[in-house]
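# What the coordinates show
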Amino acid sequence: ALPIFIKNTVWVDTNSDGNWAVYRKSINYLYQTELEKSGTTTLGSAVAYTPKMGYLVSDADAGKLYRYSYDATTETYALAETKTGSTSFGSAIVYAQASNIYVVSEPTSGSPKVYIYVLTNTIVSDDIVTYQTPIAAPLGVTNWGSKISLSDDARWLYVSDSDNNK
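## Describing the sheet that holds strand S7 (residues 93-96)
Read across the open sheet, the four strands follow the order S7-S8-S9-S10; overall the sheet is antiparallel. The sheet terminates laterally at S7 and strand S10 (126-136), the two strands that pair on one side only. Between one strand and the next, the sheet's axes are offset by a mean angle of 25 degrees, whatever the strand orientation. One ladder, built from eight bridges, connects strand S9 (residues 113-121) with S10; its direction is antiparallel. Bridge pairing links Thr120 to Asp127 in S10.

## What about the packing of aromatic side chains?
The final tally for this structure, using the stated rule, is six aromatic pairs. Ring centres 4.7 Å apart and planes at 45 degrees place the aromatic pair Tyr49 and Tyr55 in the tilted group. What makes Tyr49 partly exposed here is its relative accessible area of 33%. Judged by its relative accessible area of 26%, Tyr55 is partly exposed. Consider the rings of Phe89 and Tyr115, whose centres lie 5.2 Å apart with planes at 85 degrees: the pair is edge-to-face. One end of the pair, Phe89, is in the loop between strand S6 (76-84) and S7; the other, Tyr115, is in strand S9, with 26 residues separating them in the sequence. For the residue pair Phe89 and Tyr115, the accessibility class agrees, reading buried in each case. Aromatic rings pair up to connect Tyr49, Tyr55, Tyr70 and Tyr77 into one cluster.

## Digging into the side chain of Ser105
Summarising the element assignment, Ser105 is placed in strand S8 (residues 101-106). In this structure the side chain of Ser105 is engaged in a polar contact, spanning 2.8 Å, whose partner is the backbone oxygen of Gly145. Setting aside chain neighbours within four positions, we find Ser105 in contact with Ser88, Phe89, Gly90, Ser91, Ala92, Lys113, Val114, Gly145 and Ile148.

## Points about the side chain of Ser160
When you line up the elements, Ser160 lands in strand S12 (residues 157-161). Residue classification places Ser160 among the buried residues on the basis of a relative accessible area of 12%. At 3.3 Å, the side chain of Ser160 forms a polar contact with the backbone nitrogen of Ser146. Each residue touching Ser160, except ones within four places of it in the same chain, is listed here: Asn143, Trp144, Gly145, Ser146, Lys147 and Lys166.

## Remarks on the confidence of the model for the protein
Here the protein averages 89 in pLDDT, and 95% of its residues register 70 or above. Mean pLDDT values over the elements of the protein span from 82, in strand S1 (residues 9-12), up to 97, in S8.

## Here's the deal with the environment of Lys147
As for its position among the elements, Lys147 is in strand S11 (residues 144-150). In the structure, Lys147 is positioned 128 residues away from Asn19 in sequence and 45 Å away in space, judged by C-alpha atoms. Filtering out sequence-adjacent residues up to four positions away, Lys147 remains in contact with Tyr158, Val159 and Ser160.

## Thoughts on the pairing of S7
Across four bridges, the pairing between S7 and S8 is antiparallel. From the neighbouring strand, Ala96 faces S8, where its bridge partner is Ile101. In sequence, S7 turns back onto S8 through a hairpin of four residues, with Asn100 there showing a positive phi of about 60 degrees.

Criteria and thresholds
- Residues numbered from 1 in each chain as written.
- Predicted model: local features only at pLDDT ≥ 70, side-chain atom pairs only at ≥ 80, totals over all residues.
- Heavy atoms only, no water.
- Pairing = 2+ DSSP bridges.
- Helix = DSSP H or I, 4+ residues; strand = E, 2+ residues; numbered from the N terminus.
- Axes fitted to C-alpha atoms, helices over the stretch in contact; angles between N-to-C directions.
- Phe/Tyr/Trp six-rings, centres within 6.5 Å; stacked < 30°, edge-to-face > 60°.
- Buried < 20%, exposed > 50% of the residue type's maximum accessible area, 1.4 Å probe, protein only.
- Polar contact = N/O pair within 3.5 Å; in protein donor to acceptor, adjacent residues only side chain to side chain.
- Contact = heavy atoms within 4.5 Å.
- pLDDT = per-residue confidence, 0-100.

Quick look at the structure:
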């Protein structure tokens, strides 16, 4: 069941035009349906969305990344792909929308890595494919990529090494 929404009213003494005003909180989104997957333990560990990709939703404890794409026939999001890694795969997801580059971290597995994918959106394929070889953690690093950031042009990728304050 959805939580009850309370429409709070706020009186403002000085509005942007210098007068007093009354504002009322309203819902700025439309509930559709939940993305569900049975047998998951931490579904939603990380979530990313773009119109072309749809939703990328991870279950980091299980080491799985799910892609939900929009099905125009049913007007819902349906499970389209599943990527599997080791434990912690999907702890963080970032993307550069202009280039369709998606980065997914696996920071605390036995051999931590950062994976880079691209969405191939052609007449023949609409899949997530590996863009390059995964970036392995340097020797001795045990928490590689719990935080990641990608520049908008996908030319710079920042990967954390939090155990070594980097």
